[in-house]
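The lines below spell out each chain.
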Amino acid sequence: MHTHTSGKRSGGHSYSNGNTRVRKFRSGPRRGGSSGAGKRSGFVGRRSGGGNRFGGRKKSTLDISSFINKAVVATETVAHFVPDNSFNDFNIDKQIKATLVARGYEHPTPIQDKAIPHVLRGEDVVGLANTGTGKTAAFLIPIINKILHDKKQQVIILAPTRELAIQIEDELKLFASKLGMHSVVCVGGMRIGAQIQKLRNYNHFIIGTPGRTIDLIKRGNLKLSNVKTVVLDEADRMLDMGFINDIRYILREIPKERQTLCFSATLAPEIKRLINDFLIEPVTISVKTQDTPTSIEQDIVKVEGRDKTVLLAELLQQNDFKKVLVFGRTKHGVGKLSQELNRKGLKTESIHGNKSHSQRQSALKRFKENRIIALVATDVAARGLDITDITHVINFDIPETYDDYIHRIGRTGRGSHKGKAITFVG
Ligand code: AMP
């Protein structure tokens, strides 16, 4: 069950939910453990002036008060989203509808409700949506329907990380495997030979990270002349990761007669330019309800010179810390932290850029299957992860930007689950 707030048409070619949220901060005692909760006073860092919190710029000094939000309950009413459409209303093939039923997708999420009709009409779409909103199915459902009607055309989906690319293919397969559609994932960190081999066959869907995709284009293994649909997923993340020129290169390689969809959580100026340059009269749909979902309780732990690893170990021993994602800043630090926790008898794994693809996949699998209590990760390695039942996110190291903070804590409190985010400060 999703509890998104209802979207209203805000005029022109644009939707917005018009939902403003008043953030309430309250300091208070942390539940259990030996470490006391922080008070706001004395912990408020500098805020960059004006604009959207941190103006989208990289800032290392964050306002610690934005890591606390315990006033989640009672007074706040979260309106239940009432979709305009049911899946049955959409003009899509009955086999797709059957998969939706089999998957237990009862109603469209807001992004699906608003975006699917436009994508079905062949329009370009800008979707402003965070992960966890159902945006993958929002583009996959209408595109699969399009390919069903013309199997000669191809789709390219660009995503920031190999994990996200693989997740998209997994979701695609659920819908498309019975429909005779083929896909290939073109991502770095995996053997290029196997991808080249797969590219020799006809693939309806090419899902890739920009770097490897360009590599394959330049080697002559990937031809884009049949591509009629392009999806840029998590465009802002791709921008953060320095892929913007690669994306522009790839888009220039694709025939102009096409449909282009761009999904992003934010509209950074560079993303706006990209949209202006490559999309044609796009419909903009925003389902961003608020910066931080009400399903996530946020608090801080004041370190006050104590050993952070010991504090973390104490937390992990508490009963309710069942499935914990811990964020560290550096690859080295993340690996070391996981080893130290393991030495203390706590089963953990780490994922970061220096680990091989198979090591990362195996750590993720063990985490998903509850065979370890915590996964220690860097921001980049954890991007786009979709694990529904993470109970806690712990910021062992403070994130570099507020945007990173939002992205980190959004790994918990997904769907109808409640989650807690704890940030070590001071
Ligand atoms: P996404 O934002 O695409 O990462 O999707 C987040 C999660 O929501 C995934 O686990 C999807 O399987 C799930 N999901 C997507 N659409 C629906 C829906 N209409 N009803 C229920 N769950 C959904």
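In this text, all values refer to a predicted model and were calculated from it rather than measured experimentally.

(A) Highlighting the overall build of the protein chain. For the protein chain, the count of helices and strands is 14 helices and 15 strands. Pairs at least 24 residues apart make up 75% of the contacts formed inside the protein chain by residues separated by at least 6 positions. If you sum the accessible surface of the protein chain, you get close to 18,800 Å²; carbon and sulfur atoms cover 49% of it.

(B) The arrangement of the site of the ligand in detail. Near the ligand, the surroundings consist of 14 residues, among which Tyr105, Gln112, Gly132, Gly134 and Thr136 are the closest. Thr133 places a polar main-chain atom, nitrogen or oxygen, 3.0 Å from an oxygen atom of the ligand. For the ligand, the protein covers 85% of the area, taking 500 Å² as the surface of the free molecule. Taken together, the residues of the shell around the ligand break down into 2 nonpolar, 9 polar and 3 charged.

(C) Representation of the sheet that holds strand β13 (residues 374-377) in the model. The strand order across the open sheet formed by 6 strands is β10-β15-β14-β11-β13-β12, and the pairing between neighbours is parallel. Here the strands that pair on one side only, and so sit at the sheet edges, are β10 (296-302) and β12 (348-351). Mean inter-strand twist for the sheet, computed between neighbouring axes without regard to direction, equals 20 degrees. As paired strands, strand β11 (residues 324-327) and strand β14 (residues 392-395) are joined by 4 bridges and run parallel to one another. When the bridges of β14 are listed, Val324 appears paired with His392. Packed onto the sheet, helix α12 (residues 357-368) meets β11, β12 and β13 and runs at close to 140 degrees relative to β12. Contacts from helix α14 (residues 402-409) reach β10, β11, β14 and β15 (419-425), with the element oriented near 150 degrees to β14.

(D) Main features of the side chain of Gln298. Relative to the helices and strands, Gln298 is located in strand β10. Accessibility expressed as a relative area gives 0% for Gln298, which makes it buried. Among the polar contacts listed, one links the side chain of Gln298 to the side chain of Tyr405, at a separation of 2.7 Å.

(E) Geometry of the UniProt feature "short sequence motif: Q motif" (unreviewed entry) in the protein chain. In the UniProt entry, the feature "short sequence motif: Q motif" (unreviewed entry) is given for residues 85-113. From the first C-alpha to the last, residues 85-113 spans 6 Å; its make-up is 48% helix and 0% strand.

(F) Focus on the pairing of strand β3 (residues 125-128). Burial of β3 is two-sided: the residues Val125 and Gly127 facing one way and the residues Val126 and Leu128 facing the other way are all buried. Relative to strand β8 (residues 259-264), β3 runs parallel, the two sharing 4 bridges. Of the residues in β8, the one forming a bridge with Val126 is Cys262. Two elements, β3 and strand β9 (residues 283-286), share 4 bridges in a ladder whose sense is parallel. Opposite Gly127, over in β9, you have Ile285 as the bridge partner.

(G) Summary view of helix α6 (residues 210-218). Looking only at α6, the buried set comprises Pro210, Arg212, Thr213, Ile214, Leu216 and Ile217. Residues of α6 that are buried make contact with β4 (154-158), β5 (183-186), α5 (192-199), β6 (205-208), α7 (235-240) and α8 (244-253). A positive phi of about 85 degrees marks Gly220, the residue just after α6.

(H) A look at the environment of Lys135. By the element assignment, Lys135 lies in helix α3 (residues 135-149). Between the C-alpha atoms of Lys135 and Ser264, which are 129 residues apart in sequence, the distance is 9.9 Å. Residues in contact with Lys135, not counting those within four places in the same chain, are Ile111, Ala129, Asn130, Asp233, Glu234 and Phe263. Looking at Lys135, its side chain comes within polar contact range of the side chain of Asp233, at 2.9 Å.

(I) Focus on the nonpolar core. By size, the foremost hydrophobic cluster in this structure holds 41 residues, and its most contacted members are Phe139, Ile141, Ile143, Ile144, Ile157 and Phe205. Sorting the residues of this core by element identifies α1 (94-103), α2 (110-120), α3, β4, α4 (162-176), β6, β8 and β9 as the ones contributing at least two each. It is α3 that contributes the most residues to this core, 8 residues altogether. Contact partners of Ile141, with chain neighbours within four places excluded, come to Phe87, Ile92, Ile96, Leu100, Ile116 and Phe175. Core analysis: the second largest hydrophobic core is formed by 32 residues, Ile217, Met238, Ile271 and Ile275 among them.

(J) Structural context of the pattern of salt bridges. In the structure shown here, the tally under the stated rule is 21 salt bridges. One salt bridge in this structure joins Glu234 and Lys135, with 3.5 Å as the shortest N-O distance. Of this pair, Glu234 sits in the loop between β7 (227-232) and α7 while Lys135 sits in helix α3; the two residues are 99 residues apart in sequence, bridging distant segments of the chain. Each member of the pair Glu234 and Lys135 is classed as buried. A salt bridge links Asp215 to Arg219, with the nearest nitrogen and oxygen atoms 3.3 Å apart. Take Asp215: its relative accessible area is 30%, and that puts it in the partly exposed class.

What counts and how
- Residues numbered from 1 in each chain as written.
- Predicted model: local features only at pLDDT ≥ 70, side-chain atom pairs only at ≥ 80, totals over all residues.
- Heavy atoms only, no water.
- Helix = DSSP H or I, 4+ residues; strand = E, 2+ residues; numbered from the N terminus.
- Contact = heavy atoms within 4.5 Å.
- Areas by Shrake-Rupley, 256 points an atom, 1.4 Å probe, with all protein chains shown as cover.
- Near = heavy atom within 4 Å.
- Polar contact = N/O pair within 3.5 Å; in protein donor to acceptor, adjacent residues only side chain to side chain.
- Nonpolar A, V, L, I, M, F, W, Y, C, P; charged D, E, K, R; others polar.
- Pairing = 2+ DSSP bridges.
- Axes fitted to C-alpha atoms, helices over the stretch in contact; angles between N-to-C directions.
- Buried < 20%, exposed > 50% of the residue type's maximum accessible area, 1.4 Å probe, protein only.
- UniProt positions renumbered as here; feature names shortened; annotations may be inferred.
- Core = buried A, V, L, I, M, F, W, Y, C linked by side-chain atoms within 4.5 Å.
- Salt bridge = Lys/Arg side-chain N within 4 Å of Asp/Glu carboxyl O.

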